[in-house]
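Read off the chains here:
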Amino acid sequence: FSLNLAADCNAVLKALQPIFQEQGMTETVHNWEDHGYLATYIKKNGSFANLRIHPHGLVLVDLQSYSDHMKGREEVDQLLNKVEERMKELFHGNIKRVKRLPAILRGGVIDRYWPTADGRLVEYDIDEVVYDEDSPFQNIKILHSKQFGNILILSGDVNLAESDLAYTKAIMGSGKEDYTGKEVLILGGGDGGILYEIVKLKPKMVTMVASNIDQMVIDGCKKYMRKTCGDVLDNLKGECYQVLIEDCIPVLKRYAKEGRMFDYVINDLTAVPISTSPEEDSTWEFLRLILDLSMKVLKQDGKYFTQGNCINLTDALTLYEEQLSRLYCPVEFSKETVCVPSYMELWVFYTIWKKQTDI
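Conventions we followed
Residues numbered from 1 in each chain as written. Predicted model: local features only at pLDDT ≥ 70, side-chain atom pairs only at ≥ 80, totals over all residues. Heavy atoms only, no water. UniProt positions renumbered as here; feature names shortened; annotations may be inferred. Helix = DSSP H or I, 4+ residues; strand = E, 2+ residues; numbered from the N terminus. Contact = heavy atoms within 4.5 Å. Phe/Tyr/Trp six-rings, centres within 6.5 Å; stacked < 30°, edge-to-face > 60°. Buried < 20%, exposed > 50% of the residue type's maximum accessible area, 1.4 Å probe, protein only. Polar contact = N/O pair within 3.5 Å; in protein donor to acceptor, adjacent residues only side chain to side chain. 1 Å grid on protein atoms, 1.4 Å probe; cavity = no way out; pocket = protein on both sides within 12 Å on 5 of 7 lines; lining within 4 Å. Points joined across faces, edges and corners; volume = space filled by probe spheres on them. Domains from an automatic or database assignment. Pairing = 2+ DSSP bridges. Axes fitted to C-alpha atoms, helices over the stretch in contact; angles between N-to-C directions.

Per an unreviewed UniProt entry, the protein chain goes by Spermine synthase and derives from Oxyruncus cristatus. UniProt's Sequence similarities (unreviewed entry) comment on the protein chain is quoted here verbatim: "Belongs to the spermidine/spermine synthase family." Of the protein chain, the UniProt comment under Pathway (unreviewed entry) reads exactly: "Amine and polyamine biosynthesis; spermine biosynthesis; spermine from spermidine: step 1/1."

A. Just the environment of His30, in detail. Secondary-structure assignment places His30 in strand 2 (residues 26-32). Considered as a pair, His30 and Arg52 are 22 residues apart in the sequence and their alpha carbons are 9.6 Å apart. In contact with His30, not counting residues within four places along its chain, are Gly36, Tyr37 and Leu38.

B. Focus on the packing of aromatic side chains. For the structure on display, the rule yields 11 aromatic pairs. For the ring pair Tyr179 and Tyr264, a centre distance of 4.4 Å and an interplane angle of 40° mean the geometry is tilted. One end of the pair, Tyr179, is in the loop between helix 3 (165-170) and strand 13 (183-188); the other, Tyr264, is in strand 16 (residues 262-268), with 85 residues separating them in the sequence. Residues Tyr179 and Tyr264 agree in their burial class; the two are buried. Its relative accessible area of 5% is what places Tyr264 among the buried residues. In this structure an aromatic cluster arises from ring pairing among Tyr167, Tyr343, Trp347 and Phe349.

C. View of the UniProt feature "active site" (unreviewed entry) in the protein chain. Under the present numbering, the feature "active site" (unreviewed entry) in UniProt falls on Asp268. With respect to the helices, strands and loops of the structure, Asp268 is situated in strand 16. Among all residues touching Asp268, those that are not within four sequence positions of it are Tyr167, Ile171, Leu187, Gly188, Gly189, Asp191, Ile194 and Gln307. There is a polar contact of 2.4 Å between the side chain of Asp268 and the side chain of Tyr167.

D. How the structure looks around the layout of surface pockets. Estimated volume of the largest pocket: approximately 1,500 Å³. Lining of the largest pocket is provided by 36 residues; of these, Leu63, Leu101, Pro102, Ala103 and Ile104 occupy positions nearest its centre. Secondary-structure elements contributing two or more residues to the lining of the largest pocket are strand 5 (58-64) and helix 2 (70-91). A total of seven residues in the lining of the largest pocket trace back to one element, the largest contributor, which is strand 5.

E. Focus on the side chain of Glu345. Along the chain, the position of Glu345 falls in strand 19 (residues 345-354). Look at Glu345 and you get buried, because its relative accessible area is 10%. Here Ala117 takes part through its backbone nitrogen, which lies 3.0 Å from a polar atom of the side chain of Glu345. When near neighbours in sequence (up to four residues on either side) are disregarded, Glu345 contacts Thr116, Ala117, Asp118, Arg120, Cys310, Val338, Cys339 and Val340.

F. Up close: the domain arrangement of the protein chain. With domains assigned, the protein chain is organised as domain 1 (2-97) and domain 2 (162-354). On a C-alpha basis, the centroid separation for the pair domain 1 and domain 2 is 52 Å.

G. Representation of unusual backbone geometry within the structure. At Ser174, a position not held by glycine, the phi torsion is positive, near 55°. Its place among the elements puts Ser174 in the loop between helix 3 and strand 13. Classification of Ser174 as partly exposed rests on a relative accessible area of 29%. Phi is positive for Lys202, which is not a glycine, with a value near 60°. Note that Lys202 resides in the loop between helix 4 (193-199) and strand 14 (205-209).

H. Summary view of the sheet that holds strand 19. The strand order across the open sheet built from seven strands is 15-14-13-16-17-19-18, with neighbouring strands paired in mixed fashion. The sheet is open, and its two borders are formed by strand 15 (241-244) and strand 18 (331-340), each paired with just one other strand. In this sheet, neighbouring strand axes are inclined to one another by 15° on average, regardless of whether the strands run parallel or antiparallel.

I. Summary view of the sheet that holds strand 12 (residues 157-161). Ordered by their spatial adjacency, four strands build an open sheet running 9-10-11-12, and the pairing between neighbours is antiparallel. Of all the strands in the sheet, just strand 9 (126-134) and strand 12 have a single pairing partner and so form its edges. The average angle at which neighbouring strand axes cross in this sheet is 25°, direction not considered. Bridge count between strand 11 (residues 149-154) and strand 12: four bridges; the pairing is antiparallel. Paired with Leu152 across the two strands is Leu160, which belongs to strand 12. Contacts from helix 5 (residues 215-224) reach strand 9, strand 10 (139-145) and strand 11 within the one sheet, and its direction differs from that of strand 9 by about 150°.

Pasting the structure below:
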């Protein structure tokens, strides 16, 4: 409750006490002279409520209970309804805002809460754990969402859902490129989505390689993400593609030494890091190394596609763009913003190409 006036903490406490006492809850009150009251109410079944009254006019009520049945949830709603009615009686229209948040379900078999890239907590409509395994590299989850289909989550990071064709299209150039007869290199992409879409476009050859492609990711996706990858992960070689389970850096160095060149390089390895703190420095160095090596195997008129990060992380995106001026060859770039359904945020994608020099 956000009030239009200062709160008489003692009056609020006395008005709400009977509601909790009716529930047979034991009360403990803490009083700070300048900082209001904190009252805790504990029930014999372990349920408890915190009532925090701030003198400047903010009143917070938090309820926690173990309720795995509808009756328990109805009891919580009834108690909160009584609190709201009593507060409205007490303040006679001087309540600026009443905000009731949905219950957060803790410790459930299905984890429905995942953060966005910019740190907001999102509750997904997850109703099934489809796959949950630990590989030598990471935890791999595939969870089913009623609206997004199966979602691939790697070490707590939402990667891709069956609904996210917009992501795949954007990192391929948003339908503006002609891949017919072209040589394509995919870095990462273990979910198979990019490979599946490019193979449809009749390329000459697609090579998919990543830094430690996780075989367990491939195994999980080819079984549970078939709307995304189709059948391209069933075999590591096809008529116009091959999947290399290798570290991409030695492969890129080998290709550069051999003079092998690609029309398109698509980097789906990692998002732009959000900071330059010491633990992130190695990530930035890795990204610069990948960029430099990619430019060495990219044809003069070729294009390099990659994801950036969410549009709200403007500082991180600016830092990434600064890296582009530090490559061994001059480059130019453009970017576009795309709504990726399961991310529940707008995502930035980059197109990078070698700067054409005047003859």
